[in-house]
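# Structural description and commentary
What follows is the residue order along each chain.
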Amino acid sequence: MDYQYLADLLFPNVTKTPEDMEAQYPPRDLPEGAKVTRFAPSPTGFVHFGGLFPSTIGERLAHQSGGVFLLRIEDTDAKREVEGAAVGLVRTLEHYGIYFDEGAVIGEDGNICDKGAYGPYKQSQRAEIYHVYAKQLVREGKAYPVFTTQAELDALNALDKKAEIKAKDWHEDDGAQKEKMLAARSFTIEEVEAHLAANDPFVLRLLSDGDPEKKIPFTDLIKGKLDIPENDEDFVLLKSDGIPTYHFAHAVDDHLMRTTHVIRGEEWLPSLAKHLMLFRYLGFRLPKYMHIAQIMRLDENGNKKKLSKRDMGANMDDYSRMGYDPACVCEYIMTLLNSNYEEWHMQNPDKPYTEFPFNIKKMSNSGCLFDFKKLNDVSKNIISRMTAEEVYRRATEWANEYDPAFGKLLSHDADYATAIFAIGRGGKKPRKDFATWAEVKGYMGFFYDEIFTVEDAYAEQFDKADIKSALEKFLASYSPADDMNAWFDKIKAVAEEIGYASDMKQYKATPDAFRGSVADVSMFLRVAVTGKLNSPDMYAVMQVLGEDRVRARVQNMIETL
RNA sequence: GGCCCCUUAGUCAAACGGCUAAGACGUCGCCCUCUCACGGCGAAGAUAUGGGUUCGAUUCCCGUAGGGGUCACCA
């Protein structure tokens, strides 16, 4: 067979050569050891929690080494593409502090556009480039066309692929599949000419020379040494619309974009053999690979399952809705990514995670379960270290979007709100009251008369006459000018006046000698003033609330009893 | 089913082949304390399993089991 002739027949318009491509996309001029990484999502929806892992790793490795981190949009499947998804992806990644040096960025018109010399960065715009290499492979007898009629193609597209595959009985189908593949390899130039004349579409398949009995030694940066069986499948390179499959695009793009480290999920491990063959056929130098373990969830039977789109916690936008601060999510991701991160963070509590020396060797090779409890703990710690102003700003931002009524209350008096957030903040042992901005309202909503309420039931467990008399006595002596000790001495005095113990040690030793204790008196005040059974320090609460509100609420309680 | 990956407490995990197998989250108890939160102290809890190699195995090798992934003109 005259492969040069076949190549010209199939790709008459391709005049450029791989050498031209090499000249157009030369090796990058970067310092020794600089890594070029990329995030390459397909624009089929939102950013998945699992997607934040490879992108965080890529970002860290590139920027830590003085390299380049780029975004490539893998939109080779027009059928699955979701309108506007690419823009959404970029915005969400930005929300989590992930920025790209190069690739697809959001332009001034709000649409995706290119930045950098190695583009285009949308695969759908790179058809010409792929065809150069496709033609080269045909010319070398390493790839061949398989024709179908338009009618057959339409029928194929109409099938629900996933459902069809699921129903398939693999071991019975295997042999037939193979025979079909081998049959497709034999064709004549005349047949090709006839098909082309009839305008029949074709796919381009790789002509595999592999033997799966033979194993290729391979080292993955995370998984370690692996033995990969050679690929023996004539897989599709170009689909009938001329757009490449993932495999072909991966080889061409990552070579021409000069990617040094390919970071992707371990679900790609089974197709690695295809990629090894492609890089060999194309004469490309193989990049380093990092196949990262999947994030798992528990299914109803208690088994681990890959965290997938529909699962709780999969959509990164959900975290915003739930009120998780992006900084907290990033922190949690770092703890999962590098096992020594937490130790480092304890030693460097004030440094941002970008200063942490990210280490590929410290990455886990097995999939971990997503743990909200741990996320909450990490979040509480981070928020507890923020200043009151910062907490106010972020909580208000969140509320304005997801709870506008509460957002309005917060915004109405910034100083008041900030004073509330300042309670118990700062110092070595700050309060850790909330892990999400959504919890803020429940914690401090009582400071606002608009949403302040008292559950009647709270007073039921005490003697109403005692409560009333304690509150009245409190009002008689209360002065906002008192310092904390003076304030508490007055509470103790009230306790004694109504026959309650003012000394807790004494009360605990002989509880039967008293009707109650100063703790109970404090509780009367707490219920009256906060409407809750627990609250931050009552002195601090009253100071922030101010005399008018305190008196009004206590008075109201007295009248209600 | 074939192929591939994985396996240390409930979860995340540390341990050049070498002390009583770290630490964090969670759980429970005690202390501190005007309640809560914080903090302090403590407890329970793990090398899936069977063989080998070795003076010695969580670590290396083989088998078994379990879990996961993948097998498209999807990525």
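Starting from 1, residues in each chain are numbered consecutively following that chain's sequence as written. Key to labels: chains lettered from A, ligands numbered from 1, both in the order written. Since the coordinates come from a predicted model, pLDDT governs what is reported: local features require at least 70, and pairs of side-chain atoms require 80 or more to be given and counted, while whole-chain, interface and lining totals use all residues.

Okay, the overall build of chain A next. We count a stretch as a helix when DSSP gives it H or I for four or more residues in a row; a strand needs E for two or more, and each element gets its number in order from the N terminus. In terms of regular secondary structure, chain A is built from 26 helices and 14 strands. Radius of gyration means the value over C-alpha atoms here, while the globule rule gives 2.2 Å times the residue count to the 0.38 power. A globule of 561 residues ought to have a C-alpha radius of gyration of about 24 Å, yet chain A, at 33 Å, is considerably larger. Its C-alpha atoms give chain A principal-axis dimensions of about 110 × 50 × 45 Å. For chain A, with 561 residues in total, the buried portion stands at 32%. A sequence separation of at least 24 residues applies to 74% of the contacts in chain A between residues at least 6 apart. Our exposure labels follow a C-beta count within 10 Å of each residue's own C-beta, placed from the backbone: buried means 20 or more other C-beta atoms, exposed means 12 or fewer, and partly exposed covers the counts in between. In this description, a residue-residue contact is defined by the distance between C-beta atoms placed from the backbone, which must lie within 7 Å.

The next subject is the nonpolar core. As used throughout, a nonpolar core is a set of buried Ala, Val, Leu, Ile, Met, Phe, Trp, Tyr and Cys residues joined through C-beta atoms within 7 Å of each other. With 123 residues, the main nonpolar core has Ala134, Val521 and Phe524 as its most contacted residues. In terms of residues, this core owes the most to one element, helix H24 (residues 518–530), which gives eight residues. Residues within four places of valine 521 in sequence aside, it is in contact with Ala470, Ile491, Val494, Ala495 and Tyr500.

Now for the packing of helix H21 (residues 464–477) against helix H22 (residues 484–497). Put simply, H21 and H22 touch, their axes get as near as 9 Å, and they point 140° apart. The angle between the axes of H21 and H22 places the two elements in the oblique class. When the axes of H21 and H22 are compared, the crossing they make is right-handed. Counting all contacts with H21, which are made through Ala470, Lys473, Phe474 and Ser477, the residues of H22 involved are Lys490, Val494 and Glu497. Each residue gets one label: Ala, Val, Leu, Ile, Met, Phe, Trp, Tyr, Cys and Pro are nonpolar, Asp, Glu, Lys and Arg are charged, and the others, such as Gly, are polar. Looking at side-chain class alone, the contact of H21 with H22 contains three nonpolar, one polar and three charged residues. Throughout, an axis means a line fitted to C-alpha atoms (over the contacting stretch in the case of helices), and angles, computed between N-to-C directions, take values from 0 to 180 degrees. Each angle gets one of four labels, with under 35 degrees taken as roughly parallel, over 145 as roughly antiparallel, 65 to 115 as roughly perpendicular, and the rest as oblique. What makes a crossing left-handed is the near helix being turned counterclockwise from the far one by less than a right angle; a clockwise turn instead makes it right-handed.

Glancing now at the pairing of strand S3 (residues 102–106). Each pair of strands is called paired provided DSSP finds at least two bridges between the two strands. Pairing of strand S2 (residues 68–71) with S3, which is carried by two bridges, proceeds in the parallel orientation. Residue pairing in the sheet places leucine 70 in a bridge with glutamate 102 of S3. Alignment of S3 against strand S4 (residues 112–115), held across four bridges, turns out to be antiparallel. When the bridges of S4 are listed, isoleucine 106 appears paired with isoleucine 112. If you look at the hairpin formed by S3 and S4, you'll find five residues sitting between the two strands, and glycine 110 has a positive phi there, around 85°.

In this structure, arginine 385 sits in the loop between helix H15 (372–384) and helix H16 (388–402). Between the C-alpha atom of arginine 385 and that of phenylalanine 446, which follows or precedes it by 61 residues, the distance is 23 Å.

The sheet built from three strands is open, its strands ordered S13-S12-S14 with mixed pairing. Whereas interior strands pair on both sides, the edge strands pair on one side only; in this sheet they are strand S13 (304–306) and strand S14 (368–369). Relative to S13, strand S12 (residues 295–298) runs antiparallel, the two being bridged by three bridges. When the bridges of S13 are listed, methionine 296 appears paired with lysine 306.

The next subject is the environment of aspartate 433. Here aspartate 433 lies in the loop between helix H18 (414–422) and helix H19 (440–444). Residue aspartate 433 is classed as partly exposed on the basis of its C-beta count, with 18 C-beta atoms lying within 10 Å. Sequence separation of aspartate 433 and methionine 444 is 11 residues, and the distance between their C-alpha atoms is 9.9 Å.

With that settled, the discussion passes to the packing of helix H10 (residues 246–256) against helix H11 (residues 272–282). Here H10 crosses H11 at 50°, and the two axes come no closer than 10 Å. Judged on the interaxial angle alone, H11 and H10 are oblique. Here H10 and H11 pass one another in a crossing that is right-handed. Here His247, Phe248, His250 and Ala251 of H10 come into contact with H11, specifically with Lys274, His275, Leu278, Phe279 and Leu282. Grouping the constituent residues of the contact of H10 with H11 by class yields five nonpolar, three polar and one charged.

Glancing now at the sheet that holds strand S5 (residues 143–147). The three strands lie next to each other as S5-S6-S9, forming an open sheet whose pairing is antiparallel. This sheet does not close on itself; its edge strands, each paired only once, are S5 and strand S9 (236–238). Recorded for the sheet is a direction-independent mean angle of 45° between the axes of neighbouring strands. Relative to strand S6 (residues 202–206), S5 is paired through five bridges, and the arrangement is antiparallel. The residue of S6 that forms the bridge with alanine 143 is leucine 206.

Turning to the domain arrangement of chain A, a few remarks are in order. Start and end positions for the domains come from either an automated domain assignment or a database one. Looking at the assigned domains, one finds that chain A contains domain 1 (3–15 + 126–292), domain 2 (298–384), domain 3 (386–437) and domain 4 (453–560). Relative to domain 4, the C-alpha centre of domain 1 lies at a distance of 77 Å.

As a further point, take the pairing of strand S1 (residues 36–39). Every second residue of S1 is oriented toward a common face, with Val36 and Arg38 on one face and Thr37 and Phe39 on the other, all of them buried. Handedness of a crossover is defined as follows: orient the strands so they point away from the viewer, and if the path from the first strand over the helix to the second runs clockwise, the crossover is right-handed. Crossover connection from S1 via helix H3 (residues 49–64) to parallel S2: handedness right-handed.

To continue, consider helix H25 (residues 538–545). Taken residue by residue, H25 has Val541, Met542, Val544 and Leu545 as its buried positions. For H25, the angular spread of buried residues about the axis comes to 165°, placing them on one side. As for H25, its buried residues are in contact with H18, H24 and helix H26 (547–560). Here the arc refers to the set of directions running from the helix axis out to each C-beta atom.

A few words now on the confidence of the model for chain A. The pLDDT value tells you how sure the predictor is about a given residue, anywhere from 0 up to 100. With 96% of its residues at a pLDDT of 70 or more, chain A has an overall mean of 91. Here helix H7 (residues 161–167) stands out as the element of chain A with the lowest mean pLDDT, 61, in contrast to H10, whose mean of 98 is the highest. Note on the complex model: pTM 0.91, ipTM 0.94.

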